[in-house]
Amino acid sequence: KQGKKGFTTKEFVNTKLMTRATYTLSGIDGTLTKGPDGLIFKEKGGIDYAPSTVQLPGGERVPFLFNIKELVAYFNTDDIGAGTEMGGLFR
């Protein structure tokens, strides 16, 4: 979006995912270490991106590249099993 003085501004827009079943990421590798509050996963490589198509509120469909490059995920547990959730900051 064009802002004042030609600067680009960023804003979140509600979209609808149009790509079917092609946004699963697999083959990702990284390090899994034990931290003071649980496990920490740091992504290092692999197929860590997925191209998709999203539809904007006006109906226009645009390409969107989802990726987890340089992801650092924190687990609030010391073990991983079915239903284990992770979270953290991502830039």
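Here the residue numbers are simple positions, counted from 1 along each chain's written sequence. Since the coordinates come from a predicted model, pLDDT governs what is reported: local features require at least 70, and pairs of side-chain atoms require 80 or more to be given and counted, while whole-chain, interface and lining totals use all residues. The basis for every side-chain value is the complete set of non-hydrogen atoms in the structure, without hydrogens or water.

Undergrad: Describe the sheet that holds strand E2 (residues 28–35), naming the residues involved and giving the relevant values.
TA: Strands are labelled as partners when DSSP assigns at least two bridges between them. The helix and strand labels rest on DSSP assignments: H or I over at least four residues marks a helix, E over at least two residues marks a strand, and numbering proceeds from the N terminus. Taken in spatial order, the four strands line up as E2-E3-E6-E7 in an open sheet, and their pairing is antiparallel. The sheet terminates laterally at E2 and strand E7 (86–87), the two strands that pair on one side only. Bridge analysis of strand E3 (residues 38–46) against strand E6 (residues 72–75) gives three bridges, and the strand direction is antiparallel. Considered in E6, the bridge of Ile40 is made with Tyr74.

Undergrad: Can you explain the sheet that holds strand E5 (residues 61–67)? Please cite residues and give values.
TA: Here we have three strands laid out as an open sheet, ordered E1-E4-E5, and antiparallel in their pairing. Only two strands of the sheet have a single neighbouring strand rather than two, namely strand E1 (16–17) and E5. For E1 and strand E4 (residues 49–55), the ladder comprises two bridges, and the chain directions are antiparallel. In the strand pairing of E4, Lys16 is matched with Gln55.

Undergrad: Account for the pairing of E3, with residues named and values stated.
TA: Bridging between E2 and E3 involves eight bridges; their strand directions are antiparallel. Paired with Thr31 across the bridge in E3 is Lys42. In textbook terms, the turn of a hairpin is the stretch between consecutive antiparallel strands, and for E2 and E3 this stretch comprises two residues.

Undergrad: An account of the pairing of E4 is requested, with residue identities and associated values reported.
TA: With a 1.4 Å probe rolled over the protein chains alone, any residue whose accessible area is under 20% of its type maximum counts as buried; one over 50% counts as exposed, and the rest are partly exposed. Of the two faces of E4, the one lined by Ala50, Ser52 and Val54 is fully buried and the one lined by Tyr49, Pro51, Thr53 and Gln55 carries no buried residue. Two strands pair when backbone bridges link them, and E4 and E5 are joined in this way by seven bridges, in the antiparallel orientation. What sits directly across from Ala50, in E5, is Phe66. Linking E4 to E5, which pair antiparallel, is a turn of five residues; within it Gly59 sits at a positive phi near 105°.

Undergrad: Provide a residue-level description of the environment of Phe75, including the pertinent values.
TA: Here Phe75 shows up in strand E6. On the accessibility criterion, Phe75 (10% relative accessible area) is buried. Measuring from C-alpha to C-alpha, the distance between Phe75 and Phe41 comes to 8.1 Å, with 34 residues separating the pair along the chain. Residues count as neighbours in contact if any of their non-hydrogen atoms are within 4.5 Å of one another. Look past the residues within four positions of Phe75 in its chain and what remains in contact with it is Leu32, Asp37, Gly38, Leu39, Ile40, Phe41, Ile80, Thr84, Glu85 and Met86.

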